[in-house]
Amino acid sequence: MEITNVTEYEAIAKEKLPKMVYDYYASGAEDQWTLQENRNAFARILFRPRILIDVSKIDTTTTILGFKISMPIMVAPTAMQKMAHPEGEYATARAASAAGTIMTLSSWATSSVEEVASTGPGIRFFQLYVYKNRNVVEQLVRRAERAGFKAIALTVDTPRLGRRESDIKNRFTLPPNLTLKNFEGLDLGKMDEANDSGLASYVAGQIDRTLSWKDVQWLPTITKMPILVKGVITGEDARIAVQAGAAGIIVSNHGARQLDYVPATISALEEVVKATQGRIPVFLDGGVRRGTDVFKALALGASGIFIGRPVVFSLAAEGEAGVRKVLQMLRDEFELTMALSGCRSLKEITRNHITTEWDTPRPPHPSARL
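Given the structure is predicted, the values throughout are model-derived calculations rather than measurements.

Novice: What is the right way to read the layout of surface pockets from this model?
Specialist: If a probe the size of a water molecule is rolled over the atoms, the empty space left behind becomes visible. Taken as a whole, the largest pocket holds about 680 Å³ of empty space. What lines the largest pocket is a set of 37 residues, and nearest its centre among them are Tyr 25, His 254, Gly 255, Arg 257 and Arg 309. At the level of elements, helix 2 (19–26), helix 3 (33–43), strand 11 (304–307) and helix 13 (309–341) are the ones that each hand at least two residues to the lining of the largest pocket. Element by element, the count of residues in the lining of the largest pocket is highest for helix 3, at 5 residues. Class assignment of the residues belonging to the lining of the largest pocket gives a composition of 15 nonpolar, 14 polar and 8 charged.

Novice: Where do I start with the packing of aromatic side chains in this structure?
Specialist: Remark: the centre distance and the inter-plane angle together describe each pair of aromatic rings, the angle taken between the planes. Considering all chains together, one arrives at 9 aromatic pairs under this definition. On the basis of an interplanar angle of 10° and a centroid distance of 4.5 Å, the ring pair of Tyr 24 and Phe 172 is categorised as stacked. Separated by 148 residues along the polypeptide, Tyr 24 in helix 2 and Phe 172 in the loop between helix 7 (165–169) and helix 8 (198–206) bring together distant segments of the chain. This pair shows no difference in class: Tyr 24 is buried, exactly as Phe 172 is. Grouping aromatic residues by their ring pairs yields a cluster made of Tyr 24, Tyr 25 and Phe 172. Stacked on the ring of Trp 218, the Lys or Arg Arg 134 has its end atom at 5.7 Å from the ring centre.

Novice: I keep staring at the side chain of Glu 320 and nothing clicks. Help me out?
Specialist: With respect to the helices and strands, the residue Glu 320 is situated in helix 13. Excluding residues that lie within four positions of it along the chain, Glu 320 makes contacts with Ala 91, Arg 94, Ala 95 and Leu 315.

Novice: What's the story with helix 2 in this structure? I'm lost.
Specialist: For an α-helix, 3.6 residues make a turn, and residues three or four places apart therefore share a direction. Across the 8 residues that make up helix 2, a large majority, 6, are buried. The set of residues buried in helix 2 consists of Val 21, Tyr 22, Asp 23, Tyr 24, Tyr 25 and Ala 26.

Novice: Help me understand the pairing of strand 8 (residues 227–232), please; the structure alone is not making it clear to me.
Specialist: Each regular strand carries side chains that alternate between the two faces of the sheet. With 6 of 6 residues buried, strand 8 is to be regarded as a mostly interior element. Examined bridge by bridge, strand 7 (residues 151–155) and strand 8 share 4 bridges and lie parallel to one another. Paired with Thr 155 across the bridge in strand 8 is Lys 230. Pairing of strand 8 with strand 9 (residues 248–251), which is carried by 4 bridges, proceeds in the parallel orientation. Paired with Lys 230 across the strands is Ile 250, a residue of strand 9. Crossover handedness for the path strand 8 to helix 10 (residues 235–243) to strand 9: right-handed.

Novice: I keep staring at the pattern of salt bridges and nothing clicks. Help me out?
Specialist: Think of it this way: side chains of opposite charge can pair up when their charged atoms draw near. Considering all chains together, one arrives at 17 salt bridges under this definition. A salt bridge links Asp 23 to Lys 19, with the shortest nitrogen-to-oxygen separation between them at 2.7 Å. Placement of both Asp 23 and Lys 19 in helix 2 is noted, with a separation of 4 residues, approximately one turn of the helix. Here Lys 181 ties to Glu 184 by a salt bridge, and the two come within 3.7 Å at their closest N and O atoms. On the basis of relative accessibility, which here comes to 39%, the residue Glu 184 falls in the partly exposed class. Bridged by salt links that share partners, the residues Glu 87, Arg 94, Glu 320 and Arg 324 form one connected network.

Novice: Honestly, empty space enclosed by the protein in this entry has me stumped. Any pointers?
Specialist: Across all of its chains, the model carries 1 cavity of 30 Å³ or more by this definition. Its boundaries defined by the atoms lining it, the largest cavity holds a volume of some 40 Å³. What lines the largest cavity is simply Val 6, Thr 7, Tyr 9, Glu 10, Arg 289, Pro 310 and Phe 313. Only helix 1 (8–16) and helix 13 provide two or more residues apiece to the lining of the largest cavity. In terms of residue class, the lining of the largest cavity is made up of 4 nonpolar, 1 polar and 2 charged.

Novice: Mind showing me how you'd approach helix 13 here?
Specialist: Look at helix 13: only 27 Å from first C-alpha to last across 33 residues, short of the 48 Å you get at 1.5 Å a residue. Trailing helix 13 by a residue or two, Gly 342 shows a phi angle of about 85°, which is positive.

Novice: Any chance you could explain the environment of Leu 300 here in plain terms?
Specialist: Considering the arrangement of structural elements, one finds Leu 300 in the loop between helix 12 (291–299) and strand 11. It is 9.5 Å that separates the C-alpha atoms of Leu 300 and Glu 271, two residues lying 29 residues apart in sequence. Among all residues touching Leu 300, those that are not within four sequence positions of it are Ile 45, Ile 266, Leu 269, Glu 270, Val 273, Arg 351, Ile 354, Thr 356 and Trp 358.

Novice: Mind showing me how you'd approach the pairing of strand 6 (residues 124–128) here?
Specialist: With 5 of 5 residues buried, strand 6 is to be regarded as a mostly interior element. Where burial is concerned, the two faces of strand 6 agree: the one with Arg 124, Phe 126 and Leu 128 and the one with Phe 125 and Gln 127 are both buried. As defined by bridge partners, strand 5 (residues 103–105) adjoins strand 6 across 3 bridges and the pair is classed as parallel. From the neighbouring strand, Leu 105 faces strand 6, where its bridge partner is Phe 126. Alignment of strand 6 against strand 7, held across 4 bridges, turns out to be parallel. Bridging from a neighbouring strand, Phe 126 pairs with Ile 152 of strand 7. With helix 6 (residues 134–146) bridging strand 6 and its parallel neighbour strand 7, the resulting β-α-β unit is right-handed.

Thresholds, definitions, all that
- Residues numbered from 1 in each chain as written.
- Predicted model: local features only at pLDDT ≥ 70, side-chain atom pairs only at ≥ 80, totals over all residues.
- Heavy atoms only, no water.
- 1 Å grid on protein atoms, 1.4 Å probe; cavity = no way out; pocket = protein on both sides within 12 Å on 5 of 7 lines; lining within 4 Å.
- Points joined across faces, edges and corners; volume = space filled by probe spheres on them.
- Helix = DSSP H or I, 4+ residues; strand = E, 2+ residues; numbered from the N terminus.
- Nonpolar A, V, L, I, M, F, W, Y, C, P; charged D, E, K, R; others polar.
- Phe/Tyr/Trp six-rings, centres within 6.5 Å; stacked < 30°, edge-to-face > 60°.
- Buried < 20%, exposed > 50% of the residue type's maximum accessible area, 1.4 Å probe, protein only.
- Lys NZ or Arg CZ within 6 Å of the ring centre and 35° of its normal.
- Contact = heavy atoms within 4.5 Å.
- Pairing = 2+ DSSP bridges.
- Right-handed = clockwise from strand over helix to strand, strands pointing away.
- Salt bridge = Lys/Arg side-chain N within 4 Å of Asp/Glu carboxyl O.
- Expected span 1.5 Å × (residues − 1).

What is shown is where atoms sit, not what they do.
Next up, the structure:
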């Protein structure tokens, strides 16, 4: 069967993967309301396409933190990718590089920063969890910088791990042949069996619950890499992030895996964008499965989006070729959406190209003349 959209990879991954692994990637926290809502909220945003515009040339390129990429579609950090496919993060890194876009490597990758760098050229960001032992954090950040990574995505929504009930039922733990490669030499690379989720126990033991805005200000003292704050969903925190010197914000609810009943990221996006007043770029992850979703996020003020689950599901199904195909399909759909909306470049995508439930009805615009 020919795959014609990103969502179709999930069923193939479910067939191929052990239940424990598929459930780890697919599930959300508790009732999984936010997991559904991350998708459903996109369906409540409709287009207002502009017609009779010359769309014979469409430019999807953009610049992120000074790096030119082929499209505003990037790879989010997802943990333990070798559970999905033996090549894991290597395959994802090569696919992102071939697509001309950015890959974010998870702290909890099954390949190290050095190994991923060895796959060849590419613009890569590093997602950081802050461990109780700050020496570990410092070492890791320095290693990422030495390996040529260009930014830190600091995850700020995980002082404790969300309650993911399938991981509890499955007694989730990292398969014995794999390690959290970045921590291997520090005796933090293995996950013990637990009475619930092995990952939840690992987080409780290792991740620093005292993490605060002071740490966002501390990080630039140990690295030249810009800091993106990942996990902001309110205007209040967006304003503090700007004051704390963040280089950007990723509006994220951790793939709906942390606190259930937070809004979909696409619903929270505009509040965050308005609060930053254009001072720093705002990105989004969570629920993006179509090129139309990418356009909607940009129309609401995002500078780009990140995809997570589509990467691990396509990786499980077809390895590097699967990830390449997901990135290509999203790019093609996004380009088509731009053309059909009358936008030739990203700067032409405006708030007026969409309508949301919370919009007030608009009077006819006086300048709407030929």
